[in-house]
Amino acid sequence: MRVYYDRDADVNLIKGKKVLIVGYGSQGHAHAMNLRDSGVKDVRIALKAGSATIKKAEGAGFTVMTPAEGAKWADIVMMLTPDELQSDIYNADLAGNMKQGAALAFAHGLNVHFNLLTPRADLPGVGRNLQEHPGISVSAMLRPEARLKGTTRRHIHLGLRYSSGVGDDPNDMFLMAAAKSAWHPLGERIATFIAWINKPASRGSVVLERQGTRLKPVANFQFLAEASDRARLKGAVRLMARLVATDPLARHLIAPAPSSYGGWAKKLGLKTFRNYALTATASLMLDAIPALRESFAREFVGGGRLIDELVADDAALEAHLVAKSFGQWHPCGTCKMGAASDRDAVISPADARVHGIGGLRVVDASLMPSVPRANLNIPTIMVAEKMADAIKRSR
Ligand SMILES: Cc1cc2nc3c(=O)[nH]c(=O)nc-3n(C[C@H](O)[C@H](O)[C@H](O)COP(=O)(O)OP(=O)(O)OC[C@H]3O[C@@H](n4cnc5c(N)ncnc54)[C@H](O)[C@@H]3O)c2cc1C
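The shown structure was predicted, so the numbers you read here are calculated from the model rather than taken from an experiment.

Procedures and definitions
Residues numbered from 1 in each chain as written. Predicted model: local features only at pLDDT ≥ 70, side-chain atom pairs only at ≥ 80, totals over all residues. Helix = DSSP H or I, 4+ residues; strand = E, 2+ residues; numbered from the N terminus. Rg over C-alpha atoms; globule rule 2.2 N^0.38 Å. Buried ≥ 20, exposed ≤ 12 C-beta atoms within 10 Å, placed from the backbone. Contact = placed C-beta atoms within 7 Å. Expected span 1.5 Å × (residues − 1). Arc of directions from axis to C-beta. Core = buried A, V, L, I, M, F, W, Y, C linked by C-beta atoms within 7 Å. Near = placed C-beta within 6 Å. Nonpolar A, V, L, I, M, F, W, Y, C, P; charged D, E, K, R; others polar. Pairing = 2+ DSSP bridges. Axes fitted to C-alpha atoms, helices over the stretch in contact; angles between N-to-C directions.

Caption draft 1: Expanded view of the overall build of the protein. Secondary structure assignment for the protein yields 13 helices and 12 strands. Whereas a compact globule of 395 residues would reach a radius of gyration of roughly 21 Å, the protein reaches 29 Å, over 25% beyond that. Dimensions of the protein, computed from the C-alpha atoms along their principal axes, are close to 90 × 50 × 40 Å. Burial analysis of the protein (395 residues in total) assigns 32% to the buried set. Across the protein, the fraction of contacts at a sequence separation of at least 24, relative to all contacts at a separation of at least 6, is 68%.

Rendered as structure tokens:
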């Protein structure tokens, strides 16, 4: 067994660090005072609120914090409470509050050895690198002769991959045309182009937020945070505006307008009898009184504007995109695959194991380092097949 002595340790490594001593009993107070006497500038004590020992620690000139406050502050947390309390203190106060990269140290390793306490792995990439395909749409009323007549089940007949010319990524855009926009009678009267960014530059994150006593995951997509993404999607809206104004398509459309997936369109997407009745009634009126179609498209679809009016105003177009762009149900990337030397990587490319944690693998869309230029279902199946083979081989 190798034994370490004072001469093996370099106290200079922690002199400038914020050190939190959890507990101020026989060990805690000795550690705190020793460190302070050895030149560690900022040593503080963590004690539970109301503890009788607070006075003693403050009397010795230490700042006292609760374990949760201290965990948020410290670079190094030294656990010096009785062993039987450590697991509860770690889980309740330290685990969710310790800074990324902070160190946790113990005078006894019993809780760790017997798996009563599992320190969080230092994996800053977890939750970062969230990617999606942000998109926007343009919709128009379909003249009766152009509506689907039940002759085909599919309503999406065209997909176009193209390069925006913004940045160096080829095929960074996708555009599709749908000859029916929803399941209900109104949807059958509306055609929609949807364009999305296949290779967005913007990145979001998933974070844990405390809501009452529970931690909930919250996704911040940060769509179009990067100017290059706003430029790409603006170009896409301009392209869609040109397409709907070009014959023969233009002949079959009435009043193309900027649209999005939200508001009433989302509410009516729910398959209920009420929504059917509402949309059937609106459709009857629009069929019977053609003059209503343009104002319907402008007010209900376009939020007061037709597409030509929007593309003529660059600032309004940008504001529209920032407010209304929407995801395509393709979130991925928050447990990025990559070498252990990559600080942002979480998953090993060889076998999907989580770096630094035994017995845990992640195999789903979250390990994609970058969102594919395609819908995610098949790429996710490919990832799963490849990793299943790797796991089988490793046994
Ligand atoms: C509405 C919609 C439409 C889509 N359309 C298409 C399309 O047309 N083409 C295409 O290619 N892709 C499409 N996608 C995307 C595709 O479905 C996803 O990218 C893909 O399913 C991602 O696979 P995954 O395994 O990462 O996650 P998921 O398929 O979401 O699987 C996650 C699994 O984890 C389970 N789970 C969640 N929480 C827990 C828990 N606490 N404990 C245990 N299990 C849990 C869930 O029940 C689920 O089974 C669509 C997605 C949506 C939502």
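Caption draft 2: View of helix H5 (residues 83-94). Given a rise of 1.5 Å per residue, 12 residues ought to cover 16 Å, and the 15 Å separating the end C-alpha atoms of H5 matches this to within 8%. What H5 keeps buried is the set Gln86, Ile89, Tyr90, Asp93 and Leu94. All buried residues of H5 project into a common sector of 110 degrees when viewed along the axis, lining one side. Projecting away from the buried face of H5 at angles above 90 degrees are the exposed residues Glu84, Asp88 and Ala92.

Caption draft 3: The arrangement of the nonpolar core in detail. Ranked by size, the top nonpolar core spans 39 residues in total, and within it Ala195, Val237 and Met240 carry the most contacts. Counting residues per element, this core draws most heavily on strand S9 (residues 190-197), at seven residues. In terms of nonpolar packing, the next biggest core, distinct from the first, is built from 26 residues, Ala32, Phe62, Met79 and Leu117 among them.

Caption draft 4: Molecular detail of the site of the ligand. Contacts to the ligand come from Trp329, His330, Asp364, Ala365, Asn375, Leu376, Asn377, Ile378 and Thr380. Here the residues of the shell around the ligand sort into four nonpolar, four polar and one charged.

Caption draft 5: Representation of helix H12 (residues 314-324) in the model. Listing the buried residues of H12 in full gives Leu317, His320 and Leu321. What you see down the axis of H12 is that its buried residues fit within an arc of 95 degrees, all on one side. Residues of H12 that are exposed and angled more than 90 degrees away from the buried face: Ala315, Ala319 and Ala323. Looking at the buried positions of H12, the neighbouring elements they touch are strand S6 (135-142), helix H7 (227-244), strand S12 (253-259) and helix H11 (307-311).

Caption draft 6: Seen up close, the sheet that holds strand S1 (residues 18-22). As summarised here, the arrangement of the five strands in space is S3-S2-S1-S4-S5, forming an open sheet in which the pairing is parallel. With one partner strand each, in any of the chains shown, strand S3 (63-65) and strand S5 (103-106) form the two edges of the open sheet. On average, adjacent strands in this sheet sit at an angle of 25 degrees to one another, irrespective of strand direction. Sheet contacts for helix H2 (residues 26-37): S1, strand S2 (42-46) and strand S4 (76-79); angle to S2, the most-contacted strand, approximately 165 degrees.

Caption draft 7: Broad picture of the pairing of S9. In terms of burial, S9 is largely enclosed, as eight of its eight residues are buried. A two-sided burial pattern is seen for S9, the buried positions comprising Ile190, Thr192, Ile194 and Trp196 on one face and Ala191, Phe193, Ala195 and Ile197 on the other. In this sheet, S9 lies alongside S6 in antiparallel orientation, the contact comprising seven bridges. Looking across to S9, one finds that valine 138 is bridged to phenylalanine 193. Pairing of strand S8 (residues 173-178) with S9, which is carried by six bridges, proceeds in the antiparallel orientation. Residue pairing for S9: methionine 176 is matched across the bridge by isoleucine 194.

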